[in-house]
Amino acid sequence: MHYLTRQIAFEASHYYSVPELSDAENYALFGATANPNSHGHNYVLEATVKGRLNPEHGMVINITDLDRVLREEIVAYYDHKHINLQHPTFANNPHLQPTSENLAIQMWSALEPRLNGTILHRIRLYEDSTLFADYYGDGQMVYFTKVYEFSASHRLHSPQLNDAENREVFGKCNNFYGHGHNYVLEVTIKGEVNPRTGMVADLHCLDETMQRQVYGRFDHKHLNLDTPEFENLNPTSENFVQVLWEAIEPSLKPIKLHRLRLRETPKNHFDYYGDEI
Ligand SMILES: [Zn+2]
Ligand SMILES: [Zn+2]
């Protein structure tokens, strides 16, 4: 099976509002995104299709055909528009919030019938570089990712090895006084979209958990010296992503954590799905 991803961008405005609520109540529910005058984003959409190669042209789908469908179904309806007021699906249903989750589902239903036998695999919609929704055509199930960045130092050093062995295995990462990173943590949660808020989870809950369990415990710390988790545990990114999972996952419940991706540098990242996989 081959997978092909095409990206397009569009610029649009929106706001979140439960029609029965007052402006003040909507602000309490949605924060600044409730501004009834709207706000906007530079959205980026990645559409991934899959299929066997056509034996004649050696492609899953002709990009020209895919681009035309993306232009007709996405750009024409969203680019430089006010989604709540001008997109027919959302304008006709004021209870449907134009969140990334609901936009991804809407885009799937618009694109999927137009692909002439090619299978739509995934819709990924970026609201900005730190927030995106993934949809795989599975009912109301959406994967939502938010990206957080924090700073910490560490020294790779295993208590099971002697000093020479540590130098041999970890090289300059074994530097006695440590070194540091801007860690980037992608937090992916999954769940059914809440029909009232249009969201998989309350973002305040997610941000608050991250504030407490990640920033409060690990930001601007020396992992080996400042955090009890690494008193006797080598702070490799594999160990760190698991420690982060154990810090975040219980606090998020009932929000379901799907995956943590820890980027130690732009050149490497480490994924952890908990014990289930
Ligand atoms: Zn927004
Ligand atoms: Zn390091």
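Keep in mind the model is a prediction, meaning the values are calculated, not measured.

For the bond from Lys253 to Pro254, the omega torsion is 10°, close enough to zero to count as cis. In this structure, Pro254 sits in the loop between helix H9 (237-252) and strand S9 (256-265). Positive phi, close to 55°, is recorded for His80, a residue that is not glycine. Examined against the element boundaries, His80 turns out to sit in the loop between helix H2 (63-78) and strand S3 (81-82). Phi is positive for Asn116, close to 50°, though the residue is something other than glycine. Looking at where Asn116 falls in the secondary structure, it is placed in the loop between helix H5 (100-111) and strand S4 (119-128).

With that settled, the discussion passes to the environment of His222. On the secondary structure map, His222 appears in strand S8 (residues 221-222). Sequence separation between His222 and Gln7 is 215 residues; the distance between their C-alpha atoms is 39 Å. Every residue in contact with His222, bar those within four places of it in the chain, is listed here: Ser153, His154 and Gly178.

The subject of this paragraph is the nonpolar core. With 49 residues, the main nonpolar core has Ala104, Met107, Leu125, Val142 and Ile189 as its most contacted residues. A total of five residues in this core trace back to one element, the largest contributor, which is H5. Counting contributing residues, this core receives three or more from each of domain 1 (1-137) and domain 2 (140-277).

Our next topic: the domain arrangement of the protein chain. Think of interface size as the accessible area that goes away when the parts come together; that is how it is often given. What the domain assignment lists for the protein chain is domain 1 (1-137) and domain 2 (140-277). Summarising the inter-unit geometry, the C-alpha centres of domain 1 and domain 2 are found 29 Å apart. Each partner contributes to the interface: domain 1 provides 14 residues, whereas domain 2 provides 12 residues. Mapped by element, the contributors of at least two residues to the side of domain 1 that touches domain 2 are H5 and strand S5 (131-135). The element best represented in the side of domain 1 that touches domain 2 is S5, accounting for five residues. Looking at the side of domain 1 that touches domain 2 residue by residue, the class counts come to eight nonpolar, four polar and two charged.

Sheet topology places S9 next to strand S10 (residues 268-272); five bridges connect them, and they run antiparallel. In the sheet register, Arg261 faces S10, and the bridge partner there is Asp271.

A few words on the packing of helix H7 (residues 203-218) against H9. Between H7 and H9, whose axes approach to 9 Å, the crossing angle comes to 155°. By the angle between their axes, H7 is roughly antiparallel relative to H9. As for how H7 packs across H9, the hand of that crossing is right-handed. In this structure, H7 uses Thr209, Arg212, Gln213, Val214 and Arg217 to contact H9, whose residues at the interface are Leu244, Ala247, Ile248, Ser251 and Leu252. Tallied by class, residues from the contact of H7 with H9 come to five nonpolar, three polar and two charged.

What counts, and at which threshold
- Residues numbered from 1 in each chain as written.
- Chains lettered and ligands numbered in written order.
- Predicted model: local features only at pLDDT ≥ 70, side-chain atom pairs only at ≥ 80, totals over all residues.
- Helix = DSSP H or I, 4+ residues; strand = E, 2+ residues; numbered from the N terminus.
- Contact = placed C-beta atoms within 7 Å.
- Core = buried A, V, L, I, M, F, W, Y, C linked by C-beta atoms within 7 Å.
- Buried ≥ 20, exposed ≤ 12 C-beta atoms within 10 Å, placed from the backbone.
- Domains from an automatic or database assignment.
- Nonpolar A, V, L, I, M, F, W, Y, C, P; charged D, E, K, R; others polar.
- Pairing = 2+ DSSP bridges.
- Axes fitted to C-alpha atoms, helices over the stretch in contact; angles between N-to-C directions.
- Parallel < 35°, antiparallel > 145°, perpendicular 65-115°, else oblique.
- Left-handed = near helix turned anticlockwise from the far one by under 90°.

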